[in-house]
Amino acid sequence: MDTNLFHRGVDSRITTELENRRLGKTRIRAASFDVQEQERNGKFFPSAQRQAWVKIYDHLGNLFLAYGWDVFNELNEKYVLPNGTERLAYRLDTLETGIAGDYGSLRNFKLAFTINIRQPEENDTQFNDIFTKAVNAFQIGKKICIQYGYKNIYEGYNKDVNHSPWNTDDIGGFKAGTLGVDDAEGKEITGEIFTVVKPEFTVASLNKIMFSISGVGPGAQIGEKNISDSFDFRPLAKSNPGMYKVEGDKQPTFITNYDLDDDEGRFAPVHNIIDWIDFDVQSRIRAYEKDDTDDDFETENGVGTVGDYQPPPIDPTGDYGNVGFVVFKFDEEYYTNPLQIDAEDQGDAYAYYVTLQYLTWLFNWSLQPRGIPPAATDAQREQKKKEGSKDYYKYLIQCDKETSRADLAFADRVGDDFTGDITYVPSADPLSVIFNYGSYTTDPSRASTYGAVMKSYNWWYGIAGAAIGTVGSVASLGIGSVAAVGIGAVIASAGYQDNLENIISFSSNEPDDDQVHDALNTASTFGIQDKLSMKPKIGNLSNILINRDCIAGIFDEMGALKRTKEKEDEEVGKVTVEKFFKKLFEIIKSASGGTIQLKAIEDPDNTDPFINKLLIVNENAPPADEEIKVPVFNKNDGSVIEMSLKSKIPKAMQVAAATQGDSNIEDIENQENPSDNVTENEAEANPATIASEKDGLVKNKFAASNVKSFSALLSKFVNRENSFSETKVNRKLTRFPLTMTLIIQGITGFKFGDTITSKMLPPKYKEEIINSGYQTDIIFTVTKVTQMIRGNSWTTTLDTVMRFAPGTKTIKLTKKD
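Residues numbered from 1 in each chain as written. Predicted model: local features only at pLDDT ≥ 70, side-chain atom pairs only at ≥ 80, totals over all residues. Heavy atoms only, no water.

Some details on the overall build of the protein chain
Short version of the rule: Secondary structure follows DSSP: runs of H or I at least 4 residues long count as helices, runs of E at least 2 residues long count as strands, and numbering of each begins at the N terminus. In this scheme, a residue with accessible area under 20% of its type's maximum is buried, one over 50% is exposed, and one in between is partly exposed, where area comes from a 1.4 Å probe on protein chains only. By the convention used here, residues are in contact when the closest approach between their heavy atoms is within 4.5 Å. Every accessible area reported is derived by Shrake-Rupley at a probe size of 1.4 Å, with residue values counting cover from the shown protein chains alone.
Looking only at helices and strands, the protein chain has 17 helices and 31 strands in total. Taken across its 817 residues, the protein chain has 49% of its residues classed as buried. Put simply, 69% of the contacts in the protein chain that link residues at least 6 apart link residues at least 24 apart. For the protein chain, the exposed area adds up to about 38100 Å²; of that, 49% sits on carbon and sulfur atoms.

In structure tokens:
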């Protein structure tokens, strides 16, 4: 990825083609200003030709329909009229292909064609063959191959962008698929591959039978993979024999309950990812044997480890340095969870947290197809494919500091001045997920530590006070009984004192206090927190800590923890990768006040035919520092046919306007001192109120109501930062969000996440930042690409959503001069 999936540069082949069109070099369109100027100067005489063509192959490799080029007529099926005249059997009406769905994960097509010949009143073998061929070519579940493009009619023709991908060896997102069969000349048929889902036809009149065919493209299989299915964990356990103990060829086993006797089924085999987490944590923090299972799960305050995990065979060179876990000890008053693994009479509860990369690492082991070894070569997978295997892919989920990033540091300021203080976003739901930002000495806001000032009582004060109150009634003391009781009460009440109690604490600056220790003894007491840190400057979201019981809760909610130990073959609910991540990411989003919006999406740049690859990306991720060139569309630029802009006004603002309330929209052009216009609610969202809310969260034992209110407060806090300019510090929304739809002359290669913009923006949306590589601070992310061929016309439609250009949200952590 050039920058990240939501601020990515457009492929250079596209930008070059768009520039050539503007200059009139491609003859795609002759109406641009630059072309007209050249024509007036006698330098260029454009041709208006831009004929589109199409080829469609059925699953057997037969050419069903060719259209748009005179030479294609000889390739098409023909119908001979009674008078001997030949007529093409099929007429193309429209062809539409595109990427859509959730973040470009779905490819689809729609095809409309007509048998435009008179139906015979009696049986006609020729007509029946033509009709049957059309029906057979588009059977449900069968693959088809579609090719399309412009005629090669101008010098410098670029096939990569002026027709659909053909070359299976091409790179950069233009890669073609293969139908798996050869054409009549023995060449492999490649292009855009789709599977027919919905074939329909209509007898419209005596002379017309209309076919409407639609379907989807392959490549989204990983989202439907079942992660609750039983898996052979022996290869994974044996990948690190020095750490994991397994008996012979048996599945690894873990302790199910520390208070059970040995003969009551204490040990159980690992058969799902929840069991594996238990087995892994137990293996690393205690060398358990059957003769020591009566020992409690004592870890002092806790244990952590990160790294030292074997990469999965499908990705042996991948970066898995953030695979790890941490264990915290809770008082049972604070932590009760029916899904936890612990003693029945626990007293103390232990909660395991694994990193987000730990989960993806575990999935990268367990998602692989059962019939093909993970380390199988591409040639072996190709053979499986030829044998008819439906699952011959390698499945890979990528989550690392380069892919999953966030900007989670917020600078505090007073008026127009930055104070230099930094506030990190804590988790509003620490019993589910924790955002760890570093060690005690480098964490000013203590975002990863959850404690509160509690009232503690020293009983010796009470005893002393009671004694004085009693003895005071004796005359020999020289004080009256009433006074003595009063002094005793004062002494007794002094027994109450403030005491900071850390419920979740990585470390303390007091060496005698409870600590989180490194199970591998490769880091200091404080260092383990640094190793598990999300590191604000990098924004490494692969180190988000996720409670093992939270993961189990998602499985249980979807019916996947119902298998009993006595019936290991019992049916359990299916949990797909897509459903699991959707639920988990909702929890993370809520806990972060909307700051972290993770998505699991198909990698749009993946060109490996045997890899199904997901990326864990943050919709709010900051862009990379390097400049990217953004295509700027304008009227008569040689490409644009139509452009539409629509404002998406939030419902709350619509209601406010309708009721004549505060619409929360400012006139930025006439703003004198925007920092004075802070509403009462917005003023509440500051570091002090975050600390107070965090304190209340602990005092109320992480109650659901406190989690909800804390999440709302974090949302206010992170949204108060102005979205487009550090010089305009007003917390109010200054411009409506927009969506832009562009219809341009046909071009291929645009992918989800590509960044474009337009000169045709309203004045309020124009704030040039050319020095950062952008022409405006308003950019648009491509979310949907549609190719449409109708008649001799090929058009491309880009659906987009508005975003702010990189650099315009940057907050310098220095005071203003």
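Here's the deal with the sheet that holds strand β25 (residues 611-618)
Using the following cut-off: One requirement defines pairing of two strands: DSSP has to find at least two bridges between them. Between the N-to-C directions of two axes lies an angle of 0 to 180 degrees, each axis being a line fitted to C-alpha atoms and, for a helix, fitted only over the stretch in contact.
Ordered in space as β16-β25-β24, the three strands form an open sheet in which the pairing is mixed. Strands with a single pairing partner mark the edges of an open sheet, and in this sheet they are β16 (394-398) and β24 (598-602). Shown here is a sheet whose adjacent strand axes are inclined to one another by a mean of 20°, direction ignored. Bridge count for β16 against β25 is five bridges, and the pairing is parallel. Opposite Ile397, over in β25, you have Leu614 as the bridge partner. Across the face of the sheet, helix α7 (residues 356-366) comes into contact with β16, β24 and β25 while running at roughly 175° to β16.

Observations regarding the pairing of strand β13 (residues 302-306)
Among the five residues that make up β13, five are buried, leaving the element largely enclosed by the rest of the structure. Looking at chain direction, β13 and strand β14 (residues 324-331) are connected through five bridges and run antiparallel. Within β14, the residue paired with Gly302 across the bridge is Phe328. By the bridge criterion, three bridges tie β13 to strand β22 (residues 516-518) in an arrangement that is parallel. When the sheet's bridge partners are listed, Gly302 is paired in β22 with Val516.

Digging into the pattern of salt bridges
For the record, the criterion: Basic side-chain nitrogens of Lys or Arg form a salt bridge, by our definition, when they fall within 4 Å of a carboxyl oxygen of Asp or Glu.
Enumeration over the complete set of coordinates arrives at 23 salt bridges. Lys225 is the partner of Asp391 in a salt bridge, and the nearest nitrogen-oxygen pair spans 3.1 Å. With Asp391 in the loop between α8 (378-386) and β16 and Lys225 in the loop between β10 (208-216) and α5 (234-238), this pair connects stretches of sequence that are 166 residues apart.

Overview of the packing of helix α6 (residues 273-285) against helix α12 (residues 548-557)
Under the convention used in this document: To sort the angles, those under 35 degrees are grouped as roughly parallel, those over 145 as roughly antiparallel, those from 65 to 115 as roughly perpendicular, and the leftovers as oblique. If you view the pair so one helix is near and one far, a crossing is left-handed when the near helix is turned anticlockwise from the far one by less than a right angle, and right-handed when it is turned clockwise. For this scheme, ten residues count as nonpolar: Ala, Val, Leu, Ile, Met, Phe, Trp, Tyr, Cys and Pro. Four count as charged, namely Asp, Glu, Lys and Arg, and the remainder, Gly too, count as polar.
At a minimum axis distance of 10 Å, the contact between α6 and α12 shows a crossing angle of 165°. Classified by the angle between their axes, α6 and α12 sit roughly antiparallel to one another. Classified by chirality, the crossing of α12 by α6 is left-handed. Residue-level contacts link Ile273, Ile274, Ile277 and Asp278 of α6 to Arg548, Ile551, Ala552 and Phe555 of α12. Each residue belonging to the contact of α6 with α12 can be placed in one class, and the counts come to six nonpolar, no polar and two charged.

Regarding the packing of α6 against α7
It is at 11 Å that the axes of α6 and α7 come closest, and there the two elements cross at 120°. Taken as a pair, α6 and α7 cross one another with a handedness that is right-handed. Together, Ile273, Trp276, Ile277 and Asp280 of α6 and Tyr358, Trp361, Leu362, Phe363 and Ser366 of α7 make up the contact between the two elements. Each residue belonging to the contact of α6 with α7 can be placed in one class, and the counts come to seven nonpolar, one polar and one charged.

Focus: the sheet that holds strand β19 (residues 433-434)
In spatial order, the strands read β19-β23-β15-β14-β13-β22; together these six strands make up an open sheet with mixed pairing. Since the sheet does not close on itself, it has two edges, and those belong to β19 and β22, each with one partner. Where β19 and strand β23 (residues 545-547) come together, two bridges link them in antiparallel fashion. Along β23, the bridge assignment pairs Ile434 with Leu545.

Concerning the nonpolar core
The condition that has to hold: Put simply, a nonpolar core is a bunch of buried Ala, Val, Leu, Ile, Met, Phe, Trp, Tyr and Cys residues held in one set by side-chain atoms that sit within 4.5 Å of each other.
Membership of the largest hydrophobic core comes to 112 residues, with the highest contact counts inside it found for Trp276, Phe330, Trp361, Ile544, Phe580 and Leu584. For this core, the leading source of residues is helix α13 (residues 577-591), giving eight residues. Among all residues touching Trp276, those that are not within four sequence positions of it are Phe233, Leu236, Ala237, Tyr244, Val270, Tyr358, Trp361 and Leu362.

Topic: the side chain of Thr360
Looking at the element boundaries, Thr360 is found in helix α7. Thr360 gets classed as buried once you look at its relative accessible area, which sits at 1%. With sequence-adjacent residues up to four places away left out, Thr360 is seen in contact with Ile397, Cys399, Phe581 and Ile616.

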